[in-house]
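Inside the fold
If you want the building blocks of each chain, they are given just below.
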Amino acid sequence: MKTALKVYNTLARKTEEFQPINPPFVGLYVCGPTVYSEVHIGNVRTFTSFDLIYRYLLHLGYKVRYVRNITDVGHLLDDNEEDKISKKARLENIEPMEVVQRYTVDFHKTMMLFNTLPPSIEPTATAHLIEQIELIQTILDKGLAYESNGSVYFDVLKYSADHNYGELSGRNIDELLVNTRDLDGQDDKKHPADFAIWKKAEPQHIMKWNAPWSLGFPGWHLECSVMSTKYLGTTFDIHGGGMDLKFPHHECEIAQNEAGYGCAPAKYWLHTNMLTFNGRKMAKSEGTGVTPKEMITGNHPLLTQAYSPMTIRFFMLQAHYRSTLDFNNEALQAAEKGFRRLMTAVKDLDGLKSGNTSFFTVEDWKEELYAAMNDDFNSPIAIAQLFEGVRLINLMKDQGETLTESDLAAFTSAFKTFITDVLGLTTEEENDSGEVDGLMDFILQLRNEAKARKDYATSDEIRDKLNELGFEIKDGKEGTTFSRK
RNA sequence: GGUCUCGUGGCCGAGUGGCUAGGCAGAGCUCUGCAAAAGCUCGUACAGCGGUUCGAAUCCGCUCGAGACCUCCA
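Residues numbered from 1 in each chain as written. Chains lettered and ligands numbered in written order. Predicted model: local features only at pLDDT ≥ 70, side-chain atom pairs only at ≥ 80, totals over all residues. Heavy atoms only, no water.

1. Focus: the overall build of chain A
Put simply, the rule reads: Strands here mean DSSP runs of E at least two residues long; helices mean DSSP runs of H or I at least four residues long; both are numbered from the N terminus. Only protein chains enter the calculation, and the probe is 1.4 Å; a residue is then buried if its accessible area is under 20% of its type maximum, exposed if over 50%, and partly exposed in between. Throughout, a residue-residue contact means that at least one pair of heavy atoms, one from each residue, lies within 4.5 Å. Per-residue accessibility takes into account occlusion by the displayed protein chains alone, with areas from the Shrake-Rupley method and a 1.4 Å probe. The charged-residue count follows a simple rule in which Lys and Arg add positive charge and Asp and Glu add negative charge, with His and chain termini not counted at all. For this purpose, a charge sits on NZ of Lys, CZ of Arg, CG of Asp or CD of Glu.
For chain A, the count of helices and strands is 16 helices and 16 strands. Taken along its principal axes, the extent of the C-alpha atoms in chain A is 95 × 55 × 35 Å. Evaluated residue by residue, chain A yields a buried proportion of 50% over its 485 residues. Excluding contacts between residues fewer than 6 apart, the proportion of contacts in chain A whose partners are at least 24 apart in sequence is 75%. When the accessible surface of chain A is summed, it comes to about 22700 Å², and 48% of that surface belongs to carbon and sulfur atoms. Positive and negative charge centroids in chain A, built from 52 and 71 side chains respectively, lie 3 Å apart.

2. Thoughts on the protein's contact with RNA strand B
How we decide: Neighbouring residues are identified by heavy atoms, a residue being near a molecule or strand if any of them is within 4 Å of it. Here a polar contact is recorded for every N or O atom pair within 3.5 Å, except that within protein the pair must consist of a potential hydrogen donor and a potential acceptor, and residues adjacent in sequence are included only if both atoms are side-chain atoms. Residue polarity follows a fixed list, in which Ala, Val, Leu, Ile, Met, Phe, Trp, Tyr, Cys and Pro are nonpolar, Asp, Glu, Lys and Arg are charged, and the others, Gly among them, are polar.
Inspection of the region around RNA strand B gives 66 residues, with Trp 220, Leu 245, Arg 280, Lys 281 and Arg 391 positioned closest. For RNA strand B, the backbone portion of the atoms within 4 Å of the protein, that is sugar and phosphate, comes to 66%. Arg 341 is positioned such that a nitrogen or oxygen atom in its side chain is 2.9 Å from a phosphate oxygen of RNA strand B. In the model, a base oxygen of RNA strand B is placed 2.6 Å from a nitrogen or oxygen of the Arg 463 side chain. The biggest single contributor to the surface near RNA strand B is helix H13 (residues 379-398), with 8 residues. Looking at the surface near RNA strand B, its residues break down into 21 nonpolar, 24 polar and 21 charged.

3. Section: helix H8 (residues 246-261)
Counting buried positions along H8 yields 12 of 16 residues, so the element is predominantly enclosed. For H8, the set of buried residues is His 249, His 250, Glu 251, Cys 252, Glu 253, Ile 254, Ala 255, Gln 256, Asn 257, Glu 258, Ala 259 and Gly 260. Where H8 terminates, the next one or two residues include Gly 262, which has phi positive at roughly 75°.

4. Here we look at unusual backbone geometry
Across the junction of Pro 23 and Pro 24, the peptide omega takes the value 5°, indicating a cis bond. Mapped onto the elements, Pro 24 comes out in the loop between strand E2 (14-17) and strand E3 (25-30). We note that Arg 13 has phi near 60°; this positive angle belongs to a residue other than glycine. Within the secondary structure layout, Arg 13 lies in the loop between strand E1 (6-9) and E2. The phi torsion at Asp 376 lies on the positive side, around 55°, for a residue other than glycine. By the element assignment, Asp 376 lies in the loop between helix H12 (362-374) and H13. Exposure remark for Asp 376: the relative accessible area of 1% places this residue in the buried category.

5. Focus: the sheet that holds E3
Here is the rule: Here a strand pair is declared whenever DSSP counts at least two bridges between the two strands. Interaxial angles span 0 to 180 degrees and are taken between N-to-C directions of axes, which are lines fitted to C-alpha atoms, for helices over the stretch in contact.
Here 4 strands make up an open sheet; going across it, the order is E4-E3-E10-E11 and the pairing parallel. Of all strands in the sheet, those bounded by a partner on one side alone are strand E4 (63-68) and strand E11 (266-272). For this sheet, the mean angle separating the axes of adjacent strands, direction not counted, is 20°. Across 3 bridges, the pairing between E3 and strand E10 (residues 236-242) is parallel. Each bridged residue has a counterpart across the sheet, and for Val 30 the counterpart in E10 is Gly 240. Set on the sheet, helix H7 (residues 220-232) makes contact with E3, E4 and E10; between it and E3 the angle comes to about 160°.

6. Brief notes about the environment of Leu 469
Note on placement: Leu 469 falls in the loop between helix H16 (456-468) and strand E15 (471-476). Judged by relative accessible area, Leu 469 falls into the exposed class, the value being 57%. Residues Leu 469 and Tyr 456 lie 13 residues apart in sequence; the distance between their C-alpha atoms is 20 Å.

7. Observations regarding helix H1 (residues 41-59)
The line we're drawing: Expected span of a helix: the number of residues minus one, times 1.5 Å.
For H1, spanning 19 residues, the distance from its first C-alpha to its last is 26 Å, which sits close to the expected 27 Å at 1.5 Å a residue. Counting buried positions along H1 gives 17 out of 19 residues, so the element sits mostly inside the fold. Count one or two residues on from H1 and you reach Gly 61, which has phi positive near 100°.

8. A short note on the pattern of salt bridges
As a working rule, side chains carrying opposite charge can pair if their charged atoms are close by. To keep it simple, the criterion reads: Basic side-chain nitrogens of Lys or Arg form a salt bridge, by our definition, when they fall within 4 Å of a carboxyl oxygen of Asp or Glu.
Summed over all chains, the structure comprises 20 salt bridges. Note that Asp 475 and Arg 447 form a salt bridge whose closest N and O atoms lie 3.1 Å from each other. Placement of Asp 475 in strand E15 and of Arg 447 in helix H15 (residues 434-452) is noted, with a sequence separation of 28 residues between them. By relative accessible area, which is 38% here, Asp 475 ends up partly exposed.

9. Quick notes on the packing of helix H10 (residues 309-317) against helix H11 (residues 329-349)
A pair of packed helices is captured by two measures, namely the crossing angle of their axes and the spacing between those axes. Note the threshold: For classification purposes, angles smaller than 35 degrees are called roughly parallel, those larger than 145 roughly antiparallel, those between 65 and 115 roughly perpendicular, and all remaining angles oblique.
Close contact between H10 and H11 brings their axes to 9 Å; oriented N to C, the two are set at 100°. The angle between H10 and H11 places the two elements in the roughly perpendicular class. Contact residues: H10 offers Met 310, Thr 311, Phe 314 and Phe 315, while H11 offers Ala 331, Leu 332, Ala 335, Glu 336, Gly 338, Phe 339 and Leu 342. Taken together, the residues of the contact of H10 with H11 break down into 8 nonpolar, 2 polar and 1 charged.

Here it is as structure tokens:
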């Protein structure tokens, strides 16, 4: 390969060459979902983006430990309001951990539909309470947090005396201090910019644990600091998440790690962009989230039809992970057709015969594929290159072009590997047994016999009827094939 | 109000100082009994106005428009 992998590092605000701390090992931490409701399709995009990144790192031969947490501790909505998980539990009159269980299972099922690989470790916040309490104590001991009415707050002002709080999200502390909104009920804090690392629970709060400071629950940012450190070490390679987590979540995480462990948690910070719907960000809290189920069933007022998980995955991969992607029916339908054409080519690849000469240079074609992915995981370009491959495949199939045996093998392998292993695209199961194939072969044989005796009335009738039933008939040079519409 | 991002052909979406992105849709042609599929060709796009430059969609400034973060959020 001529090019090296480069990644856009939010911390540096530029694209940098990717150099793992301990090659061939790579530590990758991604902020996972809060399991208080179904994920929406925007969440799916983020995890699909990191799935692409994970898959490509694996493909390059790195030994990746991919950690993605499950946030199962509720966190405050805002003042005097109970947290999301407790609220949901109260509304549905069930245990908070039932909420957690239900939506964790749902999350896994959904991500499997979209063919994302499971992480190596998927730790939960509730299972790491002890570690979180320990980190709070450490930060307290170092004098960078203070206790107030049973809650513990991170002392941002004191921390920023010799640390650059705001380095990730590009804010400076003075502006932050001036611009922090004045919320009620923050009297416990010395300063509005301070954030809770332990919060005393109100009596009605259901999820709570005993800690030296109070019966309460940990601050939201804490779990990631603790779990990433526990499983990947104090400094690991890549920390990822949605752009919306840059501030305050990731900024606070860095501060906690610096304060508690004395070093920055990650070398590279990668942030994925949002999915918009009619130009607006999807957010659970805004009620603008379209769920994967609604997408797959088409059961949503703004959708004119259902879209399969692979169509959606392909659609997402056609945009770069750092760009916003807007959603509409026309674009999704285009993706559906394009995806089908791509997968048809994959199938056609197996029927190709090699020749004595090659009509293009496989290595050059491959090189561009890798160059695209090495450029900060540019999947849209990689897909464009794959479509160039589709054209080449069709030329071999229909126009008599050839590759030598070894070139054809190399091309086939690269083409398939990229689609299946790197992009994670699979043929949608048509839940056929061999029965349909057998039946179709028989019917098409009858039709070809009719054609042979120029009985076009019969052959067209068969084709039209099969068409109605959802099968598309194609008469090619090498015989007749069919596909589902 | 502060910080920042973006505005590309009918739609989605790459690129980013001079070289074809790609997909879908549309038009024409070839192949074919017809059709489908496929191949080839085409539209000459970069919000507007200035500036820098031999040359800008790409750099700078302004204007307009959209969005994100500053508060839970992927």
